[in-house]
Amino acid sequence: MEEFQLDIVTPYGEIFNGKVTSVYLPGKNGEFGVLPGHCDMLSLLQTGVIDIRSESGHDLVAINWGHVSINDGKVSVLVDGAVCVHGGDSKVSKALEQAKKILEEASSDTSMIAGALRKLEEAN
């Protein structure tokens, strides 16, 4: 299966760095997906959940806001705050609580927060 490079970085350090098969991002104008061969683009990101799919599994990253650059088969995400929730991690419940806190503090749009929280709950 074809893959591409995904990097997610905050001012405090790297959250994710690896090869993925797809990623779904909470764009300012709605959620969108990126697959191998995606056209180059730059987009603002809003509060929500980044859904990462790779051959080794499935990860979710809750973010408050940022932007994404898709260029030459590489996706670079820069966000102000993020919490990574790994499906098999023993610290999932703590990470979920941190993710919920970031989402609730980041925006007053209750429908957007509800959708992001639902995605986190379904993953648990």
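That block above? That's the structure.
Because the structure is a prediction, the values reported are computed rather than measured.

(A) Seen up close, the pattern of salt bridges. This structure, assessed with the given rule, holds two salt bridges. Among the salt bridges present, the one from Asp 7 reaches Lys 74, with a minimum N-O distance of 3.3 Å. Within this pair, whereas Asp 7 is found in strand E1 (residues 4–10), its partner Lys 74 is found in strand E9 (residues 74–79), the two being separated by 67 residues in sequence. Assessed through its relative accessible area of 37%, Lys 74 is described here as partly exposed. Between Arg 53 and Asp 51 there is a salt bridge; the shortest N-O distance is 3.0 Å.

(B) Quick look at the environment of Ala 82. Relative to the helices and strands, Ala 82 is located in strand E10 (residues 82–86). The spatial distance from the C-alpha of Ala 82 to the C-alpha of Thr 10 is 7.0 Å, given a sequence separation of 72 residues.

(C) Broad picture of the pairing of strand E2 (residues 13–20). Across seven bridges, E1 lies against E2 in antiparallel orientation. The residue of E2 that forms the bridge with Leu 6 is Gly 18.

(D) Representation of the side chain of Ser 22 in the model. One can find Ser 22 in strand E3 (residues 22–27). Since its relative accessible area comes to 6%, Ser 22 is described here as buried. Ignoring sequence-local partners within four residues, the contact set of Ser 22 consists of Phe 4, Val 34, Leu 35, Asp 51, Ile 52 and Arg 53.

The rules behind the values
Residues numbered from 1 in each chain as written. Predicted model: local features only at pLDDT ≥ 70, side-chain atom pairs only at ≥ 80, totals over all residues. Heavy atoms only, no water. Salt bridge = Lys/Arg side-chain N within 4 Å of Asp/Glu carboxyl O. Helix = DSSP H or I, 4+ residues; strand = E, 2+ residues; numbered from the N terminus. Buried < 20%, exposed > 50% of the residue type's maximum accessible area, 1.4 Å probe, protein only. Pairing = 2+ DSSP bridges. Contact = heavy atoms within 4.5 Å.

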